[in-house]
Every structure is written in C-alpha cells, then in structure tokens.
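Descriptive analysis of the structure
Take a look at the letters that make up each chain.
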Amino acid sequence: MTPEKATGTPTCDALRVLPRRDGLRAGHTDAQAAPRTTDKNEALHVRPPRFELSSIRIRLLLASTLVQVVLLSLLLANSVRLMNDAASASLNTLVTQNAVMLHTVAAAYGEQADYGSLQDILGELLDEAGEGLVYVRIGRPDGSLLVSAGLPHMDRLPAAHAENGGRITSAPGDELIHIRRPLLLARNEVGFLQFGVSVSVLNAARRAILEQGALIALAEIVLTFALLSLLGYLLTRNLGRLLAGSKALADGHLEHRLPEEGSDELARLAAHFNIMAARLQARIGELEDTAARLHASEERHALAVRGANDGVWDWDIAAGTLYLSPRFSEIAGRDLAELKIAPEEIAAYLHPDDAGRYHSQLVEHLKGESAQFMLEHRVIMPDGRYRWVLTRGVALRDAAGRAYRMAGSMADIDARRQAQQRLLHDALHDGLTGLPNRALFLEHLNSALGRQRRTEDFRFAVLAINLERFRLINDSFGHIAGDELLKCITERIGRQLRGGDVAARIGGDQFAVLLNDIAERSEAARFAASLREQLALPASVAGHAVYPKARIGVALSGSYDDDAEAMLRDADNALHRARRSNDETVTVFEAGMHTQTLQTLRLESELRAALHERALTVHYQPIVDLADGRIASLEALVRWPHPSRGLLGPMHFVPQAETLDLIHEIGLQVLERTCADIVLWRRQLGEHRVPPVSINLSARQFLVPELPTLIMEGLERHGLPLTALRVEVTESAVAESDGPAPAILSTLREAGMKILIDDFGTGYSALSYLHTIPCDVVKLDGSFVRDLADNTRLRAIVRRSIELAHDLGMTVVAECIETPEQDALLRAMGCDFGQGYQYARPLAGTAVAALLAPAAETERPQ
C-alpha cells in the first residue's frame, strides 16, 4: 500500500487519534513514544500533609497527650499525698523520739531540782544537733521557765502546733514545729515541756521531690509526645505517600512510585500501588508507542518511496483496474493521462525482446510459483528510445490461493545499466586505443578454436606484434607522444584487417591480431609482411617524423585444441625469436621455440640465483708484447660455474643478462672480484710484477650515470690506483657520438684510466669516428686475424689500420691469435700486442699468479 493509493486498508489515523487518559500530561505528543521523564526530585517528592485538626495524626497526638497529662496529674497528686504522709510520719517519729528523750532527761534532773545542769546539758546537745531539735523550754504551771536552751533570742513561747490523732498539724510554710507536753516536776508539780523541731530540711526535700516529679512528668509528657508523633508519622507516612502518589498519577506523573519500606499492611498497600502505577504506565506507554510507531511507519514508508525515487503501481485483479503513481509516469516519460491504460495493454510499452520474459514471469508469480515478481527490462519512450527499468511486485491471495491484488514499484536503472555496460567494455578493452584487451582477445581466440573443432578445413593464425624502440620515443618525446603513436599504429592495423579479423592491444607496445579463415599457412606470413610495411611508414609524433618498426611472431592453428593461452604464448615466443634476429623480422612459430623459451626462463632463474649467491668467477687472458713476448696486461673474462652444465663462458648468459637488465650487476661483481685478485697478486708478487687488468663494459652499463663513480669507488675501496685497471668497451657501444658512452669514457680517461676499444672494425665505419673516440688502445677484431695468412686484401686493411692507430697516438692489440704464422705477420706489420690461444687461454686467478711469478721485475710501459 502506498501513499498515492490506500484502498481497503485502514490508515494509522484511526489509531493515532486516541482518547486521552486523565493521567496523560497535556502537550504529550504521539511522537513521544517513550514515557515522559521527569526530574527525580519531582517524581519522588511527597509534600508533607498540613497540620489540620482533621488530620489523623494530629487527632491521635492530641488524644494521646491529653490522656498522658491526666494520668501524670493523678500520679503526681498521689505522689504528693504519699510524700506528705511520709513527711508527717517522719515528723511524728522525730517529735516522739525527742519528747521521750527530753522527758527522761528532765525527770532525771527534775527529781534533784538540778535545772542548771539540765540547761547546760541541753545547751550542749542543741549545739551539736544542728538540725532537728532547735530549742527546749521547761516551765512551771504559772509559765515561768525553769530551763531555757536554744534560740536565746526567743522572747516568748510560741503556741504549740495542734495534734490530731497523734499527728501534728502544720502549715506548708512552717519551718519550725512547736511541741508542748506536760511534765511532772519536783513535789509532784505538773509543769510543761516545750521544744521546737526544725523541718526546713524536710520541707526542702519535699519541694525538691515535687520539683523533680514535675520535671519528670513534663519530660515524660514531652517524650511521650515525641514518641507518639514519631509513631503517628510512621503510621501515617505511607498514607501520606499514597495520597501524594495518587495525586501524582492524577497529574500525569505515571512514573511516580512509592518507596516500599517495612512489611506491614501500609507497605503492602504501597507495593500494590506501585504495581498498579507500573501497569498503567506500561499500558499507556504501549498505546503511545503504538501510535508513534504507526505514525513513524507511515512517514518512513512515504519517505522511502520518495527516497527510492520509484514509481508505484497497484493492480486490482478482480476489478481489472491499474493505478500508476505520478513518479511512474515520470519514469515512463508520459503524463498520467497517457498512462490510463488497462493491464493487458502493458505489453505495448515493452521492448520486443523483453515482452515474452515479462509475461512468463508475471504468470509464474500469479500462479504462486515465485515469492516475488522482479524483472529488469526496457520500456519504450515517446521519442522511440528505450529505458532500462526494474519492475517488482507481490500478489495478495485469498484463502484458496488465488491472487486478487498485486502491487509493486518500478525503478529507473537506465544509468546503472549503462554504467555496467561501460564497465564491461572498459574491462575488456584498452582504454587508450579502444581495442580489445588480452582477456577479450583470448575469448575471440577460444571462439576460433571452437569453430576449428566444428569445421575441419577452418584455419586461422595469431600474430604477436611488437613496436621497436617505443621506449625511446616515450623517453625522448614524452608519454603523450607515445600515446599518439600507439593510436596511429592502431588505425594502421585496423585498415589492414579483413572482415572477421580481430586486433587487440595486449601490452604496452605489443599488439595481437587474430586472422580468421585463412586459406593456407603462407597467407599469414604474407599478411604479417604487408602489415609490417604499413606500420613502417613515417608517422608524425609531437611534430617529429618517426619511422615505426615492428617485429611480428606468427602462430598457426592446428594442434592447440582448447588452449588459447598456449597459442598466444607460442606467437609471443616467435616474436621473441624475431626480436633477437638481425634479419628475420617476421617469424613463424616452430615446435623447438617453446623448448628454447623454457630453457631461457630456466637460465634466467639460475642466473639470478647465481648473482644473489655471488657465484660468478673471473678468468684472465694475458695480452703479450709482440716485441719481446712478455705479459703486458690481462683481460678479465667472466665465467659461470653452472651446477649442471659446467663452466659457462659469457656467450652463454651475457646476452640474456643484457635482455634482463642484469648486466650492470654482473659488471659490478666482476669489478669487485678483479680488484680483490689484483690485491692478492700484489701481496704475493709485489706491486710492480702485476700488470694492469682490463674489464669489459656493456653498452647498457653506460645508461647508469654514476658508472665512473662506482668504478673509482671500487678501486679506492681495495686501495688500488686508477692505473691498475683499464676499461674495455665494444666498438658499437661508442659508435653514437651523442650517446652517454663518450662522456663517461672521457671522465674515466681524465681520471687516469686507459680506454680500450674492443671488436674494432665490425659493424660500423670505424675509421670515420676513430678520431672522436676517447681511447688509448684499439683491439682488432678476431675476424681480421683468422684469415690474415690467406687474404692479401685483408692484410692490407690490417696494415693500414695499425698505421692509422699509430698516427692517432694509439697502440693496437690483435685478438684471436692462434698460430705462429699469424703472430709473425702481425709482428711484421708493427702490431704492438697480441692476445689469443697462441700465448695462453683464460686462466683462473691462482694460475695467473703462477704465470706472473717468473715474469720480469718491471712492466713495460704502453
């Protein structure tokens, strides 16, 4: 279901517009699916209940306090009564004791009428008493005093306190109790005995007891009030929290919870309240979350459709109607009015090649044979072009499995398909020339091999083409010029191709051609020769006229079966043979070439290993003075002790080393070994007994700018002078006056080293440039010496060459002298030095030391 059409399915609006619960906060939107988060203090704060008379806690406190006050008042009153009784009893006891004591003393002294002594004794007794008995008075019936002890300032006797039932009645503020009793005097006269007892201590004790009782009662009231308040708080706290929690829920704070403390009924009530609040919050949260997710789903679906930029279609199969969205019409390149079509009319808008697949896959899905209808196909645009689209859809089915509705989308994938086609083309074609690359060429070659299996008389050939000196053009004019040349070569090859032939670029400067359906073997060779002639025509590159030259290798079909790689490899082997040949520019592959190629690869591997292990050795061939036969110098010749083929000379591996750019490393190893041998000979024989040694430099070594520095550093590292070593180069290496060789040789010559020109007289017009070459010694090539005895014209050339070298201040060495006759002829012509088997073969370093031992003490200068 899409935003463009929503038929038969309720939308989210019915669920989003939910009635608000009283507990929901105002302003809480549907997008807020999670419960509202409030401040922790706000959620847990419970406002204390106000102190009102209607509060349970206050009423409980007032009632308990009133009861406590009444009880304590009764207790205090009873305590006062008991204390008064105790004080009265104590007072009576004190009075009785004093009365008995005084009666006894008074009777004893009264019988004797010795009242003076009695008064003294009572005075002393009162002084010692301090408290209790304060004064004593004994008098006659008429009131006159016989004894007056204590309280001397008392002028008259106070009235005695009344006694009721043996108890003395006193006022609360009385500090002194007066007691009067009758006393029998002498002559049976009845007088009186009055004494005073101090009750200040008793009163003070009673006041202290009353005060302490009052304080204790007050403290008990306060403590009881506090305890009852705490008890009331504990009893009513959860009720207050419950009240605050219910109000929080009513205000919409659904996350509010009560602390569950204790295990009483109120704590269980708080727990049940929390459960109820949690369930209410979860339920309301679920409703809000459902509404929010439903709303988000609607937005996400609408956004996904817009983001995918797909057109939407809805096919009501039962009604036979088709709904197409506006984006659908944009992809189809038509407006909505044009797209008001019936489902069966869709085929008219499809590419003819795609209509069949569209119909078959649609029927397959409607039958329930596929989970989803999905097809990449093309639709025709109003201008006649075709656009690639991706159509997807899913059918809805009834209980019987019949499809009654189908909806889906259509995406514009035209740009992606074009990009895929471009990537596929780029993956199989050369980016510069547009020709097929190696991978695609092999596919064409496999197709030709397959056709050969099906057709007996079908023949074809593969040509491997290599441009000569292409690297020189790149280095001289730049890579842009090289690219222009490659494009020019591509055009020329294309003009030579016949119908059905395939050309490809399979390397930097290498091309390949597949010649399909040739009549005979010679046709491939003729085509290759003609192609080479066309390629050799002058071409303008970077404002310069260049003459491209090419070498071509040819492999003919016949015995390759399904191996396209092998056929291309053999064409490449033939090409390598042509590149090594001086005359043969087009070479047809032969069976032995592959074996030779394998041997070359094996030799390369073994040579690299030998260089890594520094296994190469150096032999030395003497160069003798033809005048006296003494050894004038030595030539260092590299040798390779091969593990299976024995000792190999330079002709077996040096050409391969030059092709692989290993010759410079070989030259440096020869330099190191030669310097080491010279040092050893000098140590054994003496410095003056060791002649100079010449080392050979390859033309490729002159491409190394730092070559003079490397040579001189090698000599310096071994402590040898520059005169101990000579440099020998071939004539072809210095033939180009504008090349790097003359400058490098001049540097070495100016430093003190002598320069020898090897193979003089071969390949170039030697006399034309001899005066420009920085050299000291000319070595005549062995081809002049071998036929010297039988060829008079050759003798004349050799004689004139020796004379010319002498005129230019150079000495001459004749190579390959093998007979005494050759030695005599050269000696007669004035040749300075000779070298060859006539004198000695190349020797190992130890043999050279033995050969030099009996030599002359001094070296003849050259």
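What you see is a predicted model; the values in this text were computed from it and never measured.

1. As for the packing of aromatic side chains
Enumeration according to the criterion identifies four aromatic pairs in this entry. When the centroid spacing of 5.4 Å and the interplanar angle of 85 degrees are considered together, the rings of Tyr358 and Phe373 count as edge-to-face. Within this pair, whereas Tyr358 is found in helix α8 (residues 352-366), its partner Phe373 is found in strand β9 (residues 373-380), the two being separated by 15 residues in sequence. By relative accessible area, which is 15% here, Tyr358 ends up buried. Judged by centre distance (4.9 Å) and plane angle (75 degrees), the ring pair of Tyr620 and Trp681 falls under edge-to-face. Separated by 61 residues along the polypeptide, Tyr620 in strand β19 (residues 617-625) and Trp681 in helix α17 (residues 663-685) bring together distant segments of the chain. Both residues of the pair, Tyr620 and Trp681, belong to the buried class.

2. Digging into the nonpolar core
The biggest cluster of nonpolar side chains holds 70 residues, and the ones touching the most others in it are Ile666, Trp681, Phe702 and Leu826. If you tally residues by element for this core, the top one is α17, at eight residues. Beyond its immediate chain neighbours, meaning those up to four positions away, Ile666 contacts Leu607, Leu611, Leu616, Val638, Phe653 and Ala657. With 29 residues, the next largest nonpolar core counts Ala528, Leu535, Val546 and Leu556 among its residues.

3. Some points on the pattern of salt bridges
Taken as a whole and judged by the stated rule, the model has 30 salt bridges. Where salt bridges share partners, they join Glu635, Glu728, Lys779 and Glu815 into one cluster.

4. What to know about the packing of helix α18 (residues 707-717) against helix α19 (residues 741-751)
Put simply, α18 and α19 touch, their axes get as near as 9 Å, and they point 30 degrees apart. The angle between the axes of α18 and α19 places the two elements in the roughly parallel class. The way α18 lies across α19 gives a crossing that is right-handed. Seen from α18, the contacting residues are Leu707, Pro708, Ile711 and Met712; seen from α19, they are Ile744, Thr747, Leu748 and Ala751. Partitioned by chemical class, the residues of the contact of α18 with α19 number seven nonpolar, one polar and no charged.

5. Some remarks on the confidence of the model for the protein chain
Per-residue confidence for the protein chain gives a mean pLDDT of 82, with 87% of residues at or over 70. Predicted confidence is poor over residues 1-51, with pLDDT under 50, and the contacts of this stretch with residues over four places away or in other chains come to 83 contacts.

6. Some thoughts on the sheet that holds strand β2 (residues 145-149)
The strand order across the open sheet formed by four strands is β2-β1-β6-β5, and the pairing between neighbours is antiparallel. A single partner strand is all that each edge strand has here, and the edge strands are β2 and β5 (176-184). Looking at each pair of strands side by side, their axes are set apart by 15 degrees on average, direction ignored. Pairing of strand β1 (residues 133-139) with β2, which is carried by four bridges, proceeds in the antiparallel orientation. Along β2, the bridge assignment pairs Val136 with Ala149.

7. Description of the packing of α17 against α18
Taken N-terminus to C-terminus, the directions of α17 and α18 make an angle of 25 degrees; their axes are 9 Å apart at the nearest point. Regarding the angle of α17 to α18, the classification is roughly parallel. Viewed along their axes, α17 and α18 form a crossing whose handedness is right-handed. Contact residues: His664, Leu668, Leu671, Glu672 and Cys675 in α17; Leu707, Leu710, Ile711, Gly714, Leu715 and Arg717 in α18. Residue composition of the contact of α17 with α18, by class: seven nonpolar, two polar and two charged.

8. Describing unusual backbone geometry
Backbone geometry follows two general trends: most residues other than glycine have a negative phi, and most peptide bonds adopt the trans configuration. With a phi angle near 55 degrees, Asp517 is a residue other than glycine that sits in the positive phi range. Among the secondary structure elements, Asp517 is positioned in the loop between β14 (510-516) and α13 (521-535).

9. Some remarks on the sheet that holds strand β13 (residues 502-505)
The five strands lie next to each other as β13-β14-β12-β17-β18, forming an open sheet whose pairing is mixed. Either end of the sheet is taken by a strand with one partner, and the two such strands are β13 and β18 (586-588). Strand-to-strand twist across the sheet, computed as the mean angle between neighbouring axes with direction ignored, equals 20 degrees. Note: strand β12 (residues 460-467) against β14, seven bridges, orientation antiparallel. Bridging from a neighbouring strand, Val462 pairs with Leu514 of β14. This element, helix α12 (residues 479-496), spans β12, β13 and β14 of the sheet and lies at about 10 degrees to β14.

10. Digging into the environment of Glu604
If you trace the backbone, Glu604 turns up in helix α15 (residues 591-613). Linking Glu604 and Phe653, residues 49 residues apart in sequence, is a C-alpha distance of 8.6 Å. Sequence-distant contacts of Glu604, that is, excluding residues within four places in its chain, are made with Gln656 and Leu660.

11. A short note on the pairing of β12
The element β12 is largely enclosed, with a buried count of eight among its eight residues. Alternating positions in β12 separate into two faces, Phe460, Val462, Ala464 and Asn466 on one and Ala461, Leu463, Ile465 and Leu467 on the other, with burial throughout. Sheet analysis places β12 next to strand β17 (residues 550-556), joined by seven bridges and oriented antiparallel. Counterpart to Ala461 in the pairing with β17 is Leu556.

12. Observations regarding α19
By the burial criterion, the buried members of α19 are Ala741, Pro742, Ile744, Leu745 and Leu748. Around the axis of α19, the buried residues are gathered within 165 degrees of arc, so they sit on the same side. Contacts made by the buried residues of α19 are with α18, β23 (725-730) and β24 (755-760). One or two residues past the end of α19 sits Gly752, with phi positive at roughly 120 degrees.

13. Here we look at the pairing of β23
With five of its six residues buried, β23 lies for the most part within the structure. In the sheet, strand β22 (residues 693-697) pairs with β23 via five bridges, with the strands oriented parallel. Across the sheet, residue Leu697 finds its bridge partner in β23, namely Val729. For the segment spanning β22, α18 and β23, crossover handedness is right-handed.

Analysis parameters
Residues numbered from 1 in each chain as written. Predicted model: local features only at pLDDT ≥ 70, side-chain atom pairs only at ≥ 80, totals over all residues. Heavy atoms only, no water. Phe/Tyr/Trp six-rings, centres within 6.5 Å; stacked < 30°, edge-to-face > 60°. Helix = DSSP H or I, 4+ residues; strand = E, 2+ residues; numbered from the N terminus. Buried < 20%, exposed > 50% of the residue type's maximum accessible area, 1.4 Å probe, protein only. Core = buried A, V, L, I, M, F, W, Y, C linked by side-chain atoms within 4.5 Å. Contact = heavy atoms within 4.5 Å. Salt bridge = Lys/Arg side-chain N within 4 Å of Asp/Glu carboxyl O. Axes fitted to C-alpha atoms, helices over the stretch in contact; angles between N-to-C directions. Parallel < 35°, antiparallel > 145°, perpendicular 65-115°, else oblique. Left-handed = near helix turned anticlockwise from the far one by under 90°. Nonpolar A, V, L, I, M, F, W, Y, C, P; charged D, E, K, R; others polar. pLDDT = per-residue confidence, 0-100. Pairing = 2+ DSSP bridges. Arc of directions from axis to C-beta. Right-handed = clockwise from strand over helix to strand, strands pointing away.

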